[in-house]
Amino acid sequence: PYDIRADVDFLNAANRALEWIFFQSWEPLSLAADAAMRESSATASWGTAVNTTPTKITTAARLYPGFIRALTTTNSAANGYQPTANIAVLPNEQVLVAALVRKHSGTSAQMTFYDVTNAATFGTAVTYAGNAYQLMLQTLAIPSGCYNINVRLGGTGAADVVDWQALWVLRTQAETPFILPA
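Computed from a predicted structure; not experimentally measured.

Cut-offs and rules
Residues numbered from 1 in each chain as written. Predicted model: local features only at pLDDT ≥ 70, side-chain atom pairs only at ≥ 80, totals over all residues. Heavy atoms only, no water. Salt bridge = Lys/Arg side-chain N within 4 Å of Asp/Glu carboxyl O. Helix = DSSP H or I, 4+ residues; strand = E, 2+ residues; numbered from the N terminus. Buried < 20%, exposed > 50% of the residue type's maximum accessible area, 1.4 Å probe, protein only. Polar contact = N/O pair within 3.5 Å; in protein donor to acceptor, adjacent residues only side chain to side chain. Patch = residues over 30% accessible without salt bridge, like charges linked within 9 Å, V, L, I, M, F, W, Y side chains within 5 Å. Areas by Shrake-Rupley, 256 points an atom, 1.4 Å probe, with all protein chains shown as cover.

Right, let's talk about the pattern of salt bridges for a bit. Counted by the stated rule, this structure contains 4 salt bridges. Across the pair Arg 171 and Glu 93 runs a salt bridge whose closest N-O atoms are separated by 2.7 Å. Of the two residues, Arg 171 sits in strand β10 (residues 161-171) while Glu 93 sits in the loop between β4 (87-88) and β5 (94-105), which places them 78 residues apart along the sequence. Ionic pairing is found between Arg 102 and Asp 163, a salt bridge with its closest N-O pair at 2.6 Å. Here Arg 102, found in strand β5, pairs with Asp 163, found in strand β10; they are 61 residues apart in sequence, far enough to count as distant. Looking at Asp 163, the relative accessible area reads 0%, which means it is buried. Because the salt bridges share partners, they merge into one network encompassing Arg 62, Arg 102 and Asp 163.

So, about the side chain of Lys 103. Within the element layout of this structure, Lys 103 appears in strand β5. Reaching out from Lys 103, the side chain makes a polar contact with the backbone oxygen of Gly 106 at a distance of 3.5 Å.

Among the surface-exposed residues, Ile 4, Phe 10 and Leu 11 lie close enough to one another that they form a single nonpolar patch of about 300 Å² accessible area. With respect to the helices, strands and loops of the structure, Phe 10 is situated in helix α1 (residues 6-18).

This is how it looks when you write it as C-alpha cells:
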C-alpha cells in the first residue's frame, strides 16, 4: 500500500544500514512499541507498571546474543507486571505473541493478555521458571467486541526478577503495517 518494493527499496535500505553494524543484531517486527527494549529511558513507551519496577539493563551476561538491552521487571508483590501500550486489533482475529524471557531470580516469568476494551484478561497465561532464555509463544483469538489489547510481562512470585527481550505481537490474518526500526 505504500509502494515499497521488497526487491529494491527494502533490500537496498537494509544493506546500507548493515554496512555500519559490525555485530549480530536482531530486531523483532512487532506491533508493540519498544519491542526490542532499545529505548534507554526505561518504559516511556509502555503502559503503567503494576506491583513491579521496570528497568532496562545492558549487562552482557544477562542479555540474549544479538540484543543490546533487556527489560527487567522486579516484583514488589505477586503477579506484578509491566504492560505494553495499547495495541489495536479487530474482534475475533488471531494474534501471535512471543517473547524471549528468563527468570533471573524468584519463582517464574509470566506473560498475560488483557482486553483493554472490555477490561478483562483473556487467553491462557504463559509461565516459565527457567534461568536460561526461552521463547514464550501463544496464538490468541481476540474476544468479541475487543479493539485494543496489551501484553503484560512480569513474574508470578512476590520478589521475582525477570529479564524480557524481543516482544513480537503480530496480527496473523491482517495486512499489518510495521514501523521499521530506525
